[in-house]
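# An overview of the molecular structure
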Amino acid sequence: MKAYLGLYAARLETPARSLKEKRALIKPTLERLKARFPVSAARLYGLDAWGYEVVGFSLLGNDPAWVEATLREAARFLAQNGSFRVALEEFRLEAFELDGLL
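Residues numbered from 1 in each chain as written. Predicted model: local features only at pLDDT ≥ 70, side-chain atom pairs only at ≥ 80, totals over all residues. Heavy atoms only, no water.

## With respect to the pairing of strand 3 (residues 52-61)
- Extensive coverage of strand 3 is indicated by the burial of seven of its ten residues.
- Sheet topology places strand 1 (residues 2-13) next to strand 3; ten bridges connect them, and they run antiparallel. Each bridged residue has a counterpart across the sheet, and for Gly 6 the counterpart in strand 3 is Leu 59.
- With five bridges joining them, strand 2 (residues 40-45) and strand 3 adopt antiparallel strand pairing. Looking at strand 3, one finds that Ala 42 is bridged to Gly 56. (Buried < 20%, exposed > 50% of the residue type's maximum accessible area, 1.4 Å probe, protein only. Helix = DSSP H or I, 4+ residues; strand = E, 2+ residues; numbered from the N terminus. Pairing = 2+ DSSP bridges.)

## Considerations on the environment of Phe 77
- Among the secondary structure elements, Phe 77 is positioned in helix 2 (residues 64-80).
- Residue Phe 77 is classed as buried on the basis of its relative accessible area, which comes to 10%.
- With residues up to four places along the chain from it excluded, the contact list for Phe 77 reads Thr 29, Arg 32, Leu 33, Arg 36 and Phe 37. (Contact = heavy atoms within 4.5 Å.)

Fair warning: the whole summary comes from geometry, so function is off the table for now.
This is the structure we're talking about:
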């Protein structure tokens, strides 16, 4: 039996003119994302830059199709519900054997 870990990372470009303004654009969108989808999300890089930020989220499950579809739907939500532009994005799906645990 396997478990599947889906990972998503994106570079968001913002029109913000300050760190406070950028945080007000990105943080609420990530909170809505976590409330709507079963993902863990984090602000990863660029926290001290006002023009961009790298964010990511992950999901663990036993059905690879569900993990991938959910990640892609969450990525669409992120792109459509924020006052920023998704400049780059990356998806990954990793499989882990659970046989030693069963």
